[in-house]
Amino acid sequence: MRLHTLTLLAIAVPSFLTAERAGAQIRASEIGTMSQNIDGTKITMEYSRPRARGRDPLFGNPRVVRWDEVWTPGANWATKFRTSRALKVNGQTLPEGTYTLWFRVREREPWTVLFDRDTTRSHVQKPNADSAVVRFDVQPQSGPHVEALTWSFPDYTHATAELEFAWDSLRIPLHIEVTPSQRLHATAAEADEKDREDKKDNGYNLVDAQSLPDRVFAQLPETLRNVTDLLPKGT
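Residues numbered from 1 in each chain as written. Predicted model: local features only at pLDDT ≥ 70, side-chain atom pairs only at ≥ 80, totals over all residues. Heavy atoms only, no water.

(A) Inspection of the pairing of strand β1 (residues 30-38) at higher detail. Where β1 meets strand β2 (residues 41-49), nine bridges bridge the pair, whose relative direction is antiparallel. If you follow Gln 36 over to β2, its bridge partner there is Ile 43. Here β1 hands over to β2 after two residues, with Asp 39 in that stretch at a positive phi of 50°. (Pairing = 2+ DSSP bridges. Helix = DSSP H or I, 4+ residues; strand = E, 2+ residues; numbered from the N terminus.)

Given below as structure tokens:
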């Protein structure tokens, strides 16, 4: 009886470990996150990253991304876009919050970008077109092959950034604008006014300073006469 029990354990333990390892296998589309701070506004992307794996083409392929479908640029759960403050995306105002991001992909026409409030959707639960908080059209661009679907910020300034989607040889650029915390440049008139205010605060009379040369030249003859009176006679 004891030998029978040990035999069963010898079979059961490897089977359990094999099942545990299978549950821990790498997913076909691993989750990735990416974030960028722009003058105090934090933007975060959370998405799954499918790989091309030799599938060509990816777009227009009934087994990957079909033309004219509403598709989340990722896999598994819908791709999430989170902003800590209100901002503008391609000129459209997007309030602070978390959204799911979707594309309507087209073969020959511009694609449509949609930001939806429902953050519980999977990639197969398409949003209604009317439920989008923000929607606008973009023109896809071409570029070098990218094996794993990628979201990135290839460039940014003190108040703007370029958010880019890339997969295979296709790119979708999105232009981000935030409200700057302070202005870096002033107009010439504003700079002159500030200069006057600073000089006034420091007790500097601009009018007196500007008229000083005229007053010096006006008093010069009198000063020369006084000097001449002090010289010895006959000099």
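(B) Molecular detail of the packing of aromatic side chains. Under the defined criterion, the tally for this structure stands at 13 aromatic pairs. Relative to Trp 167, the ring of Phe 59 has its centre 6.0 Å away and its plane inclined at 85°; by these criteria the two rings are edge-to-face. You can see Phe 59 sitting in the loop between β2 and β3 (70-71) and its partner Trp 167 sitting in strand β11 (residues 160-177), a full 108 residues away along the chain. We note that Phe 59, like Trp 167, is buried. Grouped by ring-pair contacts, the aromatic residues Phe 59, Trp 71, Phe 103, Trp 111, Trp 151, Phe 165 and Trp 167 constitute a single cluster. (Phe/Tyr/Trp six-rings, centres within 6.5 Å; stacked < 30°, edge-to-face > 60°. Buried < 20%, exposed > 50% of the residue type's maximum accessible area, 1.4 Å probe, protein only.)

(C) Molecular detail of the nonpolar core. In this structure, Phe 115, Trp 151, Phe 165, Trp 167 and Ile 176 are the most contacted members of the largest nonpolar core, which totals 38 residues. Mapped by element, the contributors of at least two residues to this core are β1, β2, β5 (87-89), β7 (97-104), β8 (111-116), β9 (132-138), β10 (141-156) and β11. It is β11 that provides the largest number of residues to this core, a total of eight residues. Leaving out residues up to four positions away in the same chain, Trp 151 has contacts with Met 34, Met 45, Tyr 47, Pro 73, Thr 79, Leu 101, Phe 103, Leu 163, Glu 164, Phe 165 and Leu 174. (Core = buried A, V, L, I, M, F, W, Y, C linked by side-chain atoms within 4.5 Å. Contact = heavy atoms within 4.5 Å.)

(D) Molecular detail of the environment of Pro 127. Relative to the elements of secondary structure, Pro 127 occurs in the loop between β8 and β9. Along the backbone, Pro 127 and Val 70 are 57 residues apart, and their C-alpha atoms lie at a distance of 8.2 Å. Excluding residues that lie within four positions of it along the chain, Pro 127 makes contacts with Val 70, Trp 102, Asp 116 and Arg 121.

(E) Seen up close, the environment of Tyr 99. Here Tyr 99 shows up in strand β7. Taking C-alpha positions, Tyr 99 is 5.9 Å from Thr 119, a pair spaced 20 residues apart along the chain. Within the structure, Tyr 99 has its side chain in polar contact with the backbone oxygen of Pro 95 (distance 2.7 Å). (Polar contact = N/O pair within 3.5 Å; in protein donor to acceptor, adjacent residues only side chain to side chain.)

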